Structure formats: structure tokens, C-alpha cells
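# Secondary and tertiary structure notes
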Amino acid sequence: MVIFIQKWWRGYRSRRYFSKLVETAYFIMKMNFYNEMAVRIQKRWRGYYVRKYIHNYYALKKYLEAISVNNEIVRNELQDYKEMKENEEKRKDLEKKEKEEKYQARKMHYLLSTEQIAGIYNSPFRKSPDPMELLLRKSKPLSHRHQQTKSPFDYELYDWPTCKRPPTFSTAQPLPPIVRQKPQGPFRDTTEVLRQRYKPLEPTLRVAASINSPLEKAREEMKSEEWRNSIHDNEFLPFSSYRKNQKYEPSIHRTGKYSQETYGTKHFREIQPKKWVADKDFQTVLPPIVLFEKFGKTYSRAGQIV
Amino acid sequence: MSLLRPLLLDVIPTIQQTAALALGRLANYNGDLAEAVVKGDILPQLVCSLSEQNRFYKKAAAFVLRAVGKHSPQLAQAVVQCGALEMLVICLEDFDPGVKEAASWALGYIARHNSELSQAVVDAGAVPLLVLCIQEPEIALKRIAASTLSDISKHSPELAQTVVDAGAIAHLAQMILNPDAKLKRQVLSALSQIAKHSVDLAELVVEAEIFPVVLTCLKDSDEYVKKNGATLIREIAKHTPELSQFIVNAGGVAAVIDCIGSCRGTVRLPGIMMLGYVAAHSENLSMAVIVSKGIPPLCACLIEEHEDHIKAAAAWALGQVGRHTPAHARAVAVADVLPTLLAIYMDTRGSEDLQMKTKKALKNILQKCTYLPALEPLLHDAPPNIMKHIVGQFSKVLPHDSKARRLFVTTGGLKKVQEIKAEPGSLLQEYINTINNCYPEEVVSTTALILFNVCGKFSLFW
């Protein structure tokens, strides 16, 4: 009988245990399955995310292509800049050379050939005159004025910010001239006319020098020599003017007004109000002393001559 | 010296000025004479009467101070100790630009030596006045003021921060557009000294909108302008990947590569280093360098230059470019760089630094290189420590690629691998075993037989 109960109890317990076992096994199987499916989803998601955001191959390729395009642009621009600078340098050199040549031609204007005598650049054996000859013909003779000396600082130091020369990197070529209607008729070229009209005065030496010129120069020389040789700059005063600087001190009777001084008659001592003990002066008129007023008046008449 | 000293106290100002000028020229010529000037107690006399004198005296006195201060830090310290800095700062406030120029030149030479002297110059209140001097119209004054600011800010980040706080960056950035070459040199040098200390300073410099104007400086006709421009870009690029990215986006890499191609000598060095820094930050940037055709000029530098430090820099830069991924290493290897690097490494005449850098570069590139035709020629000459990397790479690629295996045998690579003697159990032996295992037995043994025959014939000869 007891065994029957034990048998039933053991069976019951093991059935319970077994069902729990089955439950947990089933639960674990389900979780594994879910995990596996989750891993599949996560796999897809990770692949997508990395390919899109972290290491986007096509974006990288496009970026690199964009960089090469940008590099090309930058390289071209820099090349243009360099060429522009080189052109500018060349142009400046050319201009300088031309200026030199023109200046030389102007200086040597006397070498121009005349009707009678052929100049050195216009040899009769040549078919056409030398280019120098043509340059000489075009140029104006150099006047004998002082050329304004250009200090070497002018170009370098003050070029850029004070804009004495306009900055040269703007355009390579100068702008074309404004074409005006040429007036009809046998008129001279306007620039020439203006040049003639506003030609500055070129006075000769005789006019330009001052009248006293050699005398003045000699005077100045003497003056500077004296200044150099003297020990100090104070002028040497002549004796006659020695007393000129002395002040005239008039006597007491002469100073002041034309009338007589009151000092000596009206008052005697000098007044120094600062030394007074009280701020009142001595009284000149004193109040009468009563006792002395009575003198001769209040005494008895005995013995007096009436 | 004893004769000149009383002349400084003469009544006539011209004599004073000429005496000061003479002292300055003496001190300028030689360091010992400058020491004699200091020992003769002349500097305090010069300094004490400076404030009432006229501008020629001030210029001459500043010239003497500059000449004394330029030779060594001790002399500059002596100049500072006699109270010259306050006087020089007073000169900086003068109206005449020549006086300002002489004073700022003297301050620049003093500040050049070390950071204490620079700190002393800054404490005297020179920096705001120098920033004012930069804005003056005279070009010589601008040049000297820019060079002084560069000398002050090069020592430490705090000094550079002081210069930046005075508002120098905006003015310096504007002056990059100036056509004068010497001014550009100094301005670029000043900006690079400011930018080199920290990320914030570099960002401040970049915010002043110097790109892309700086790139035109790289095309200037003056060599040192190019060098200083490349230095500035390098100092900015080396801090963070974002700054390098910015430079790459602005087209800086192309400009620097062209600059390297057009120069010779030490002028190239900052450009090479800049490419190295950019490539070192990330693989995208290094790919950008490759795409901008950066490798051929670097290779040319490696071959043509004679100086060791330039070659070392070029080797380092190539190593940085090639070390990221196999694609990068392939690009480097295709340009035929590896044999050159190996030759430089094996050359015993080169300096230690050069050899170390080439070795590192080789290792870095080889560890990622899978381009076998470039690795083949290296098999023949490499020393053992490089050999193991090469053989390692072969052992990684050969098991998977049959065409490569065939090529390897026909070009004699397998024979060469057999000839290598390695200790059993070392990494090299493992690699050799892996390679041998790729091939069927007969091939390996036939090659071994051929080898023995050849060796035997040679031994018969001998």
C-alpha cells in the first residue's frame, strides 16, 4: 500500500520534473531560433550601415575623382598666375629697354642725317636706313635741363600701399584709346599741339641765375667760413654800444610825476604794511587828552595876570 | 673702445651719432668685439640718454644694440639687463620709420635666441607696437616687424598666443597678397611659427582665410617664398586629420606636389614633409595624395637629392603613403620605389637616421604589399630582416593564386627561395615551408637538384 503511494508520488514528481525539463528545452530552442534570426537581421543591417556610412566605397571614389578635378583646376589656375607674372616681368623688362633706347636716341639726336651729309646710321651703301636712324628721326632732341633724379626708394618702398603707381597685376594689356571724331581739315595732331601749348618755360642760364649771382655766392661763402671759424655765436659788441644796454636809473626827483614828491615834506618813512602788528597805521591826529585841555582853563585865577 | 666712449658724451650731436655708428659696426663684425663693447660699460650710457636725442642718434643706438645682441644669448642677456628693452620700446613709438625699423630689428635679434629673452621682450610691451608697425606703409618696416613677430612666436605656445591676442594674424594674412618677395617670406614664416604650436592656433590661422591665396605663393619666383609657404601648409596639416582634409579639399596637395617638382634642394623639404603628414592621418587622405600624382615626385626626390635628411624625409613620406592598405602599397610599388629604397638602405655611406627611416618605410610598405612583380627583384638583394617580410608576403599570396605560382617558378623565384638558409623553427623557415607546400614535390626537388648541380659545377671550377 505504501509502495503504491510512493510509486504514485515518485511518478508525480518525475512527471513534474520532466515537464519542467521539456519546458526549459523548448524555451532554449525558441531563444536560439530567435537569436539566429536576430543575427541574420543584424548581419544585413550592419552590412548596410557600414557600406553606407562608415566605408562608402562609391562616395570615396566620387570624392577622389572630385579631388582630382579640383586639383586640375587649381593647377591650371596656378599655371595661369605664373604665366601672368612672367609676362608682366617680361613686359617690364621690355619697357625698360625701350625707354633706355629712346633716351639714348634723344641724347644722340645730333647724329641724325641731313640733306647734304648722311649720318652714321644712314650709310649710302645700305638699301634702307638703319632702325636707329628711324628712331632718331622720331625722337625729340633732349633739352639740357636737369633730369629729375629718381631716388631708388621710389619704386620699392612707396609702390604698393600709397598707390603712386597703380598695382600692375590687374590686366596685362593697356586699355585701347578712346576714339574721338577727328576734326575735318588740315589740323595738327592734338597731342602735339597741347605739348607745344603747355611747354614749360626753359629759361637760359643768364635769365635763370640771379643778378648778383657771383657776388652773392662769394658773400655766402664768406659767411659760412666765418661761421665755421668762430668759436661761439655771440656777436662781438663794439665798445660804443657797451653802455647802450645799461638801463638808465633816474634820480628820485625825476622819477614819477612832474610835480614835487610828497616824500620829504608830507611823509618821511616808507610804509611796509606787511610788517604792521595790527593793520592800522599810526594815527596822525590823536584824540585830545582831557586833562591837558583843562590846562589854563580850570585852574584858579589867583596870581594870574588878568 | 676707450677712445670711442667719451665721444658718445660729446656736445655736438653729429659726433655722438658717428661714434655710436662706429661702435655698432665694430660690434656687428665680430662677437669678441661685441663682448668688448659690453665690458666697456658703453650700453648703459647709450641707453640712458636715448629718450631726448634726435632720430639719427636713436637709429645709431638701436644699431649698436642689435649688433651686440645678435651674436649669442649671453650678450643679448647683457643688453636686456642694462635696461635697453624699455628704450627700444620707446623708440618703437617714434614717428620716424627708420627709427622704428632699427628698434624692431634690435628686438628681433634679441628675441631670436631663446624663450626667456622673448618673454622679456614681450613683457616690455613690444608686441602691440610691432603689430602697429606692420600696418605702416613702408615696406622695409613691415618686413622687419614681421620677422620680429616670427622670432618672438617661434619659442612657445604662450608667446604665440600673446602675438595672436594682439591681433597680428589678420594683418599678416592681408600682407600675403603684397607683391614684394622678401615681405612675403617674413609673413609666411611668422604665420607658420604661430601655427606650429597647437591645434587652436593653427585653426585661428586657417580662419584668417589664407587658403587659397597661400597656394599662389607656392608658384612665386622666389625660392624662399615657396619654402616658407610649404612650411606654413605643413605646420597646419600636421595637427589633425580635419585640417589636412581641409587643405586637400582646397587643392593644396596638388599645389605642393607641383612645388616639389619645380624646386631643387632644401626648398623641397617642407613640401615633402607636408605630404607625409597628410598621408599619415588616414587612408582616404593618403589615397588622395596618390590620386593627385604625388608618388612620382617623391620618388624623384629620393633619387636625385644628395642631402641625407631630404632623402630620409622622402622615404618617410613614401612609407606613410604606402602603409595603409594593399591598394596603397600597390600604388607605391608600381612606381618602382622599392628597389630604390632597398638600395638606399643597403648603402653604408648614408647616415643612421636615413637607414632607419628607409628600413621602417620598407617594412611598412612590404607588410601590405601584394603586388608580386614588384617584390620579385627584391628577393635577390635583400638582407635577412627584410627578406622575411618579402617571403612572408609571398607565402600569403601564392597559396591562393595559381597564375602567380607559375610565374614565380618561371622567373626563378622559387630557386631563390630555396637558396635562402633559415634556422629551423624561425618565421622565415615557416614561410619557406608554406611556399614549398604550394608546389608538388617534383618541382621542388627538381629545382633543388638543378641548384645542387649548379653549385657543384661551380665548386668543380674552383
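Residues numbered from 1 in each chain as written. Chains lettered and ligands numbered in written order. Predicted model: local features only at pLDDT ≥ 70, side-chain atom pairs only at ≥ 80, totals over all residues. Heavy atoms only, no water.

If you tally the helices and strands in chain B, you get 32 helices and zero strands. With respect to the three principal axes, the spread of C-alpha positions in chain B is 105 × 50 × 35 Å. A burial count over chain B gives 53% of its 462 residues as buried. Considering only contacts in chain B between residues 6 or more positions apart, those separated by 24 or more positions represent 70%. (Helix = DSSP H or I, 4+ residues; strand = E, 2+ residues; numbered from the N terminus. Buried < 20%, exposed > 50% of the residue type's maximum accessible area, 1.4 Å probe, protein only. Contact = heavy atoms within 4.5 Å.)

The sites that UniProt annotates as "coiled-coil region" (unreviewed entry) are residues 64-105 of chain A. Annotated as residues 64-105 of chain A, this span is 100% helix and 0% strand, and its ends, taken at the C-alpha atoms, are 61 Å apart. (UniProt positions renumbered as here; feature names shortened; annotations may be inferred.)

Tallying the contact residues gives 21 residues for chain A and 28 residues for chain B. A combined buried area of about 2,200 Å² lies between chain A and chain B, and 59% of that area is made up of carbon and sulfur atoms. At the junction of chain A with chain B, the criterion picks out one salt bridge. A salt bridge links Arg75 of chain A to Asp258 of chain B, with the nearest nitrogen and oxygen atoms 3.1 Å apart. At the junction of chain A and chain B, the tally comes to six residue pairs in polar contact (both at pLDDT 80 or more). At the level of elements, helix 2 (57-107) and helix 4 (153-157) of chain A are the ones that each hand at least two residues to the side of chain A that touches chain B. Per-element accounting of the side of chain A that touches chain B gives the leading share, 14 residues, to helix 2 of chain A. Counted by class, the side of chain A that touches chain B contains 11 nonpolar, six polar and four charged residues. (Buried area = accessible area lost by both parts, 1.4 Å probe. Salt bridge = Lys/Arg side-chain N within 4 Å of Asp/Glu carboxyl O. Polar contact = N/O pair within 3.5 Å; in protein donor to acceptor, adjacent residues only side chain to side chain. Nonpolar A, V, L, I, M, F, W, Y, C, P; charged D, E, K, R; others polar.)

Attention now goes to the packing of aromatic side chains. All names here are of chain A. If you walk through the whole model with that rule in mind, you get 11 aromatic pairs over all chains. Here Trp9 and Tyr12 contribute two aromatic rings whose centre-to-centre distance is 5.6 Å and whose plane-to-plane angle is 40°, an arrangement assigned as tilted. Of this pair, Trp9 and Tyr12 both sit in helix 1 (residues 2-54), three residues apart, which is roughly one turn of the helix. When the centroid spacing of 6.4 Å and the interplanar angle of 50° are considered together, the rings of Phe33 and Tyr34 count as tilted. (Phe/Tyr/Trp six-rings, centres within 6.5 Å; stacked < 30°, edge-to-face > 60°.)

Here the focus is a negative patch on the surface. All names here are of chain A. A cluster of acidic side chains, namely Glu77, Asp80, Glu83, Glu86, Glu89 and Asp93, defines a negative patch on the protein surface. With respect to the secondary-structure elements, Asp93 resides in helix 2. Since its relative accessible area comes to 45%, Asp93 is described here as partly exposed. (Patch = residues over 30% accessible without salt bridge, like charges linked within 9 Å, V, L, I, M, F, W, Y side chains within 5 Å. Areas by Shrake-Rupley, 256 points an atom, 1.4 Å probe, with all protein chains shown as cover. Lys, Arg positive; Asp, Glu negative; His and termini not counted. Charge placed at Lys NZ, Arg CZ, Asp CG, Glu CD.)

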